[in-house]
Structure formats: C-alpha cells, structure tokens
Protein chains: 2
Amino acid sequence: MKLKLYVDRMSQPSRAILIFCKVNGIDFEEIKVDLSKRQHLSSEFRAINPLRKIPAIVDGRFKLFESHAILIYLASAFPGVADNWYPADLSRRARIHSLLDWHHLNLRRGAAVVRSSATVSATFVLNTVLAPLLGLPQNQQAAAEAEKILVSSLSTIENIWLKGDGQYLLGGLRPSIADLSLVCEIMQLELLDGKDRDRILGPHKKVQQWIESTRNATRPHFDEVHNVLYKLKTKLSEQKSRTPLSSKM
Amino acid sequence: MKLKLYVDRMSQPSRAILIFCKVNGIDFEEIKVDLSKRQHLSSEFRAINPLRKIPAIVDGRFKLFESHAILIYLASAFPGVADNWYPADLSRRARIHSLLDWHHLNLRRGAAVVRSSATVSATFVLNTVLAPLLGLPQNQQAAAEAEKILVSSLSTIENIWLKGDGQYLLGGLRPSIADLSLVCEIMQLELLDGKDRDRILGPHKKVQQWIESTRNATRPHFDEVHNVLYKLKTKLSEQKSRTPLSSKM
C-alpha cells in the first residue's frame, strides 16, 4: 500500500515532508486536508490524527503525526535516503535532534497572544500583511512579540547553528532534515511585503545564503511545492493597493 | 573521561536526565549550574552551551543540549540501556518522537505572557504559590492562561496518550524516555497547595496512576532526585501562613 501524506501545502511542515519525499524518490499519495475549509477538524481526519493537526502520514497500518517525527521515520524506514538527511552517526544525529528541539521552542513556538496553534512566523505574517487585506483587525502587540522572537531566532541560526565551514546547519556540507524543516518555516516570510521582509531577513546574510543552498539542493521540488506560496504572494501584492479582500467576498 | 551532566535539580528536564542515568547505571559527574544564581548565564557555561540553557552534557569531546536529544543520545550511546526506554523498532521509536514533539508544543511550551523560557507548569506554579511568598506580583492572566494549557494537556495525556492496556504512554508495559520526561515536568505541580493541585490533577485518574507507576519503576532514584522539590514544598507550606519571604531576605 502506498504511503499516504495528509497535508496542506499552505502549512510549512507539510511542505517539508512533501519536498523530502520527492527529493528522495519516496512514492506517496498526497491527500489534501484543506485548513481553510477546516478539514483537519473533521471526524474523518480525526481517525488519522486524534489531535487533528497536519501533517500526518499513514504507512500501511501505521499512523504518525508531528512533522519532525515523520521526517525521522521516513529517513529511517525508506531505503535509498542518503545519510546526510538523518546521519547514522550517533553524535551527528544527536545534534540534529537538539536543533529540531530548539526549533520547536523558538521559530515553531506558538505565539500565545493570538492563536495558540500559529507559529511566530505565521503570526507575524498574519498581523502584518494578511490581516489588513482580509479586513481583520491587526494585533500590533502580537506582531511586535512575534517579530522579536523571529529576529532573535534568526540571529541564533546565523551565529550559532550556521557556524562552521559548511553551507548548512551544524556545519553540514549537505542538507539534513533540520535544514529542510527550518527553511520551510522561514519561507512563510515570503508573504511579507518587501520592506518588512528586508527588515527581518536583511541583516542575516548567512541565513539568506543557506535558504538559497537548501532550495538549490532540492530543486526542482522546492519551488514546485512552494508554488502555492509564490502565487498567494502575487495575489496579495496585486490586491494590496485595492479594497480589502473581505469586501469582495 | 566520565560523562558530565550540567544540571540543576530544580529544573524538570535536569531531573529526567539524572533519573535516567541512575536507573540505567550510567556513570556520571553531576555539575550543578545554579539557576537561582544565574550560573547558566556565565561565560564558563556558555562554552558548554552557547544558548545558555540547562541541562547540557559533555561526553568526551562531545557537547549536547536539549533534554530530549540528550535522553535519546544516552539511550543510544551507552550499553545496557533496556530497549523499553528508546525502542529499536522504527514505528515504536517514531511514536515516542511524536509524543516528545507534542510535549514541546504543549506542556513545555513557553507561556509567553510572563517569561518566554518558563514552561506552563512553571508559570502556573510561579503565579499561584511562589509569587505571593516571594513578595512578587501575581500575574492572574498568566496563571489563567497556563492553567488552561495545563488542563488541556493533561486531558490529552489521559484520553489519547494513555489510551491502551499498558500503564505507560502509548500503551507501553514499561516506561520510555517520554514517560520520564513528561512525568518530571508534571511533578513541578507538587509545589502547588492541595486545593490547586487537586483542581488540576484530580480529574485525571489515569495521569495520577501513570505518575505513580513511573515513580515505582524508577525507585529509589525518582524520590531521591525529586527530594529538592519535596523539601521546597515543605518550606513553602510552613511559610505560607507567615510573612512574605522577601521581607525576611
């Protein structure tokens, strides 16, 4: 039975898993769980993940959720995945676990002020670019809090995790599951307008190079999977100078 | 060279690692990094963990931080650790990763309203029992927010993670690193006074049994390592009816 991925390409960890499977030639069926239609809350999906979150996978009779756990499982259970993604060496593997744990408590941390399930990047994007266009009130406090955590996290990536000779996290010469997971999270910032994006990402030159390296290492799948984001960005910038989206609905 | 653990027994993940090593006969040197003296911010400790958080370990020349990553490393790198702690079977292992990831985003989630590095249990304890005794202002909003996440997390443990025949998480018949990590986090609630503790933990009968099972499976180390907490609890209840601690300092 083919591996099933329950995903929505608008979700950062969903994109990481899709790209991982495509790059590593893992055969899968993509089942869209449309977050905007609240399909993750359906009783049908509850049978897949009782916690009603995506991404989730079903491999034969085995069900699994949480994106880091899924990436580790796929890298371990499917033959032909190159060692760089999730090294067999215990200390290299341990450093990847450490980095993924850090990721949870920083970039992926829920921004409690607004929506407990939204990450800081999603919260920042919501309260800068999306809210005004959707006719929703902007939560300035949430945006400011999210920006603070974002900038601090990007500095840590720049100065600690990207220290070393390699182009990837932990000094790696080739990408690991941690690179893919973190880059997909940060890609959410593509939705910002130029000014905000430059303020946040501009000072972090190594971070920018690393995103580009990860993108190049996973071509053409990276752009294909992120296409939904690029399209939304275009739509947003077209609509920005017009009336709020909500008045057109 | 002996394994070095940089810990403070007042920190929940430090306790989990200490208990794990003791139960599994792993020889180690305990190096106290006193949080109350802000020793984790010292330049000396920065050389161990640039992110200045405990617990951290040094094994030979290998340095590692983040408690889940440490538990996985210890279970994998040291001989003689029973399989139940971190099973070799890929799907059992994957479910443990999934559970540890969930832990990060729930019980261990930073309660953003007060201190970004405090977990919800620590935040709740601070704003109910500790703040008044320390002469600090109680943040009612933070306490209420933390209680909400706590109760919701305990319900998920009770109804989803403790589903099954076993006494442990994921239906296990013996404890895993996830049991130890989560139980040590919840043990922070021991500092609450009886009324608050009963309100939070009372309705979760399976959770209470599971804490007791984990304690029994790791005796006598569990109580020995938690002794610092039991002592503080006694001290707090003695001082509760008297003047604020701050006026005695």
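Read on for a plain summary of the structure. These numbers come from a predicted model, not from an experiment. (Residues numbered from 1 in each chain as written. Chains lettered and ligands numbered in written order. Predicted model: local features only at pLDDT ≥ 70, side-chain atom pairs only at ≥ 80, totals over all residues. Heavy atoms only, no water.)

1. A word on the interface of chain B and chain A
As a reminder of what qualifies: For this analysis, residues touch if any pair of their heavy atoms sits within 4.5 Å. Buried area is calculated as the accessible area (1.4 Å probe) missing from two parts once they are joined, with the contributions of both summed. A pair is scored as a salt bridge if a Lys or Arg side-chain nitrogen falls within 4 Å of a carboxyl oxygen belonging to Asp or Glu. We define a polar contact as two N or O atoms separated by no more than 3.5 Å, with the added condition that, inside protein, one atom must be a possible hydrogen donor and the other a possible acceptor, whereas residues neighbouring each other in sequence contribute only through side-chain atom pairs. Elements are defined by DSSP. Helices are runs of H or I of four residues or more, strands are runs of E of two residues or more, and each kind is numbered from the N terminus. Any residue that is not Ala, Val, Leu, Ile, Met, Phe, Trp, Tyr, Cys, Pro, Asp, Glu, Lys or Arg is counted as polar, Gly included; the first ten are nonpolar and the last four charged.
Between chain B and chain A, the residue contacts involve 34 residues of the former and 33 residues of the latter. Roughly 2800 Å² of surface becomes buried between chain B and chain A when both sides are summed, with 71% attributable to carbon and sulfur atoms. Counting across the chain B and chain A interface gives 0 salt bridges. Applying the counting rule to chain B against chain A returns 6 residue pairs in polar contact (both at pLDDT 80 or more). Looking at the side of chain B that touches chain A, the elements with two or more residues in it are strand E4 (62-65), helix H3 (67-77), helix H4 (90-105) and helix H6 (140-161) of chain B. Ranked by residues supplied to the side of chain B that touches chain A, first place goes to H4(B) with 11 residues. For the side of chain B that touches chain A, the class distribution of residues is 17 nonpolar, 8 polar and 9 charged.

2. Thoughts on the environment of Val7(B)
All names here are of chain B. Take Val7: it is sitting in strand E1 (residues 3-7). Sequence separation between Val7 and Ile57 is 50 residues; the distance between their C-alpha atoms is 8.6 Å. Those residues within four positions of Val7 in sequence are excluded, and the remaining contacts are Ser14, Leu18, Glu30, Ile31, Lys32, Val33, Ile54 and Pro55.

3. Digging into the sheet that holds strand E3 (residues 56-59) of chain B
Residue and element names in this part refer to chain B. This is how the line gets drawn: In this scheme, strands are said to pair when DSSP sees at least two bridges between them. Between N-to-C directions, angles cover 0 to 180 degrees, with each direction set by a line fitted to C-alpha atoms, over the stretch in contact for helices.
The strand order across the open sheet formed by 4 strands is E2-E1-E3-E4, and the pairing between neighbours is mixed. The two strands at the open ends of the sheet, each matched to only one other strand, are strand E2 (28-32) and E4. For this sheet, the mean angle separating the axes of adjacent strands, direction not counted, is 20°. Alignment of E1 against E3, held across 3 bridges, turns out to be antiparallel. Of the residues in E3, the one forming a bridge with Lys4 is Val58.

Function-wise, these values are silent; they only describe arrangement.
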